[in-house]
Amino acid sequence: MIRVGVIGYGYWGPNIVRNLNSVESTQCAMVCDSSPKALARVRKAYPGMQTVSDCRELLRSPEIDAVAVITPVWTHYELAKQALENGKHVFIEKPFTSSSEQAEELIELAARKGLTIMVDHTFLFTGAVRKIRELTESGSLGDLYYYDSLRVNLGLFQHDVSVIWDLAPHDLSIMDHIIKAEPEAVVATGERHLNGVEDVAFMTIYFPRNVIAHINVNWLSPVKIRTTLIGGQKKMLVWNDLVADEKIRVYDKGVKIASGEGIRDVLVSYRTGDMWAPQIEQLEALHVELDYFARCIMNQETPFNDGHAGLRVVRMLEAAEVSMQKRGELVSL
Ligand SMILES: NC(=O)c1ccc[n+]([C@@H]2O[C@H](COP(=O)([O-])OP(=O)(O)OC[C@H]3O[C@@H](n4cnc5c(N)ncnc54)[C@H](O)[C@@H]3O)[C@@H](O)[C@H]2O)c1
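Here the structure is a predicted model, which means the values were calculated and not measured. (Residues numbered from 1 in each chain as written. Predicted model: local features only at pLDDT ≥ 70, side-chain atom pairs only at ≥ 80, totals over all residues. Heavy atoms only, no water.)

1. Regarding the sheet that holds strand β13 (residues 248–259)
- With mixed pairing, nine strands are arranged side by side in an open sheet as β14-β13-β12-β11-β7-β10-β9-β8-β15. The open sheet has two edge strands, β14 (266–276) and β15 (331–332), and neither has a second partner.
- Of the strand pairs in this sheet, strand β7 (residues 144–154) and strand β11 (residues 220–232) are connected by nine bridges, and their pairing is antiparallel. Bridging from a neighbouring strand, Asp 148 pairs with Leu 229 of β11. (Pairing = 2+ DSSP bridges. Helix = DSSP H or I, 4+ residues; strand = E, 2+ residues; numbered from the N terminus.)

2. Digging into the sheet that holds strand β6 (residues 117–120)
- Taking strand neighbours across the sheet as the criterion, the six strands line up as β3-β2-β1-β4-β5-β6 in an open arrangement whose pairing is parallel. Edge positions in the open sheet fall to β3 (51–52) and β6, since each of these has one partner strand only.
- Where strand β1 (residues 2–7) meets strand β4 (residues 66–69), four bridges bridge the pair, whose relative direction is parallel. Paired with Val 4 across the two strands is Ala 66, which belongs to β4.
- Helix α4 (residues 73–85) rests against β1, β4, β5 (89–93) and β6 of the sheet, and its axis sits at about 165 degrees to β5. (Contact = heavy atoms within 4.5 Å. Axes fitted to C-alpha atoms, helices over the stretch in contact; angles between N-to-C directions.)

3. Thoughts on the site of the ligand
- Around the ligand, the surrounding shell holds 20 residues, and the nearest of these are Tyr 11, Trp 12, Asp 33, Lys 94 and Thr 122.
- Interatomic distance of 3.1 Å between a backbone N/O atom of Ser 34 and a nitrogen atom of the ligand.
- A distance of 3.3 Å separates a nitrogen atom of the ligand from a polar atom in the side chain of Asp 120.
- Alone, the ligand offers 850 Å² of accessible surface; in the complex the protein occludes 79% of this.
- Among the residues making up the shell around the ligand, the classes are represented as seven nonpolar, nine polar and four charged. (Near = heavy atom within 4 Å. Polar contact = N/O pair within 3.5 Å; in protein donor to acceptor, adjacent residues only side chain to side chain. Areas by Shrake-Rupley, 256 points an atom, 1.4 Å probe, with all protein chains shown as cover. Nonpolar A, V, L, I, M, F, W, Y, C, P; charged D, E, K, R; others polar.)

4. As for the pattern of salt bridges
- Applying the stated criterion across every chain yields a total of 20 salt bridges.
- One salt bridge connects Arg 315 with Glu 104, and the closest N-O pair in it is separated by 2.8 Å. You can see Arg 315 sitting in helix α9 (residues 307–325) and its partner Glu 104 sitting in helix α5 (residues 100–113), a full 211 residues away along the chain.
- You can call Arg 315 partly exposed: its relative accessible area is 36%.
- Salt-bridge contacts for Glu 191 lead to Arg 327; the nearest nitrogen and oxygen are separated by 2.8 Å. Taken as a pair, Glu 191 in strand β8 (residues 185–192) and Arg 327 in the loop between α9 and β15 lie far apart in primary sequence, 136 residues in all.
- A single salt-bridge network, built from bridges that share partners, covers Arg 133, Glu 137 and Lys 180. (Salt bridge = Lys/Arg side-chain N within 4 Å of Asp/Glu carboxyl O. Buried < 20%, exposed > 50% of the residue type's maximum accessible area, 1.4 Å probe, protein only.)

5. Considering the pairing of strand β10 (residues 212–218)
- Of all the seven residues making up β10, five are buried; the element is thus mostly covered by neighbouring parts of the structure.
- As paired elements, β7 and β10 share seven bridges and run parallel to each other. Bridge pairing in β10 links Tyr 147 to Ala 213.
- Here strand β9 (residues 198–206) runs beside β10; their pairing, made up of seven bridges, is antiparallel. Within the sheet, the bridge partner assigned to Ile 205 lies in β10 and is Ala 213.

Treat this as a map of the structure, not an account of what it does.
Here it is in structure tokens:
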């Protein structure tokens, strides 16, 4: 049994506590939040749960094996560092840290102490992304051409980070998981309208072998949209995460170019075959992820969403930030 202390019981923390208590091999042993209101909510939902307002008590507790850091990104590095220094494994929210230097330091510290870091890239544990990875790994889609995602809604505004740092980590971690190649360069543009951070942004990522990705993130959209198109040489798919049925539709469509004799004799043929919607597992992603966290610790295995995976996402975010400040200059990675 892995006993976990959770720091941060705001919007996302309750989901972590609930799942820690439903996974067989984990138990939420203590919750810390600096807000008395948040702690009152914990006690109401879980009478008898140990609650503290000072995280030092949690970080030093001998009754805790791992710490879940579910606080805003600017606090991640310091809290994770203290957890590791106190010999605790770390489950930490996305984005992993505010800079790649911080991420590198935490990775080095965890390795030195023989501790596990898992970055909560929740989407990688959804039935939809697991299916997409299966389709790309098996070669069903053929060579990948593009990944194009629309992730927009009205609010929830973060005060410390731009919409890129808030929403793009989901797509960047998914791309990292399915494209499995180091990105070459990033271009990003965005604008601030309300509270000093970019609330609308567009990001393009160049990968080797002509794979291109585009992400549109926006806190000022009148409607919530979570739609991703992935195009391959053999098949293409549309993933609409907001529908209950047929979240993923795979289209047997494609384009073939054959050149004739002269330079003007380019022959384009279109293939339009069937569409099918694969069966998708319905398990809650966080449940699967926290179970995996406990198993990685108990079996001393390195999770695929470890500190290095978190660092790769932070590097893309940093490059996007630089590009955005220069109004869309290409930034090489
Ligand atoms: N994986 C996902 O899908 C997902 C979804 C939402 C949020 N998140 C991530 O979760 C993290 C938290 O986001 P949120 O929306 O829940 O934020 P939030 O502001 O709603 O909640 C954060 C909580 O942490 C507490 N807190 C902050 N610093 C603290 C400290 N030093 N000690 C004790 N308590 C402290 C605050 O009082 C607050 O209750 C962010 O990193 C965010 O990116 C991830």
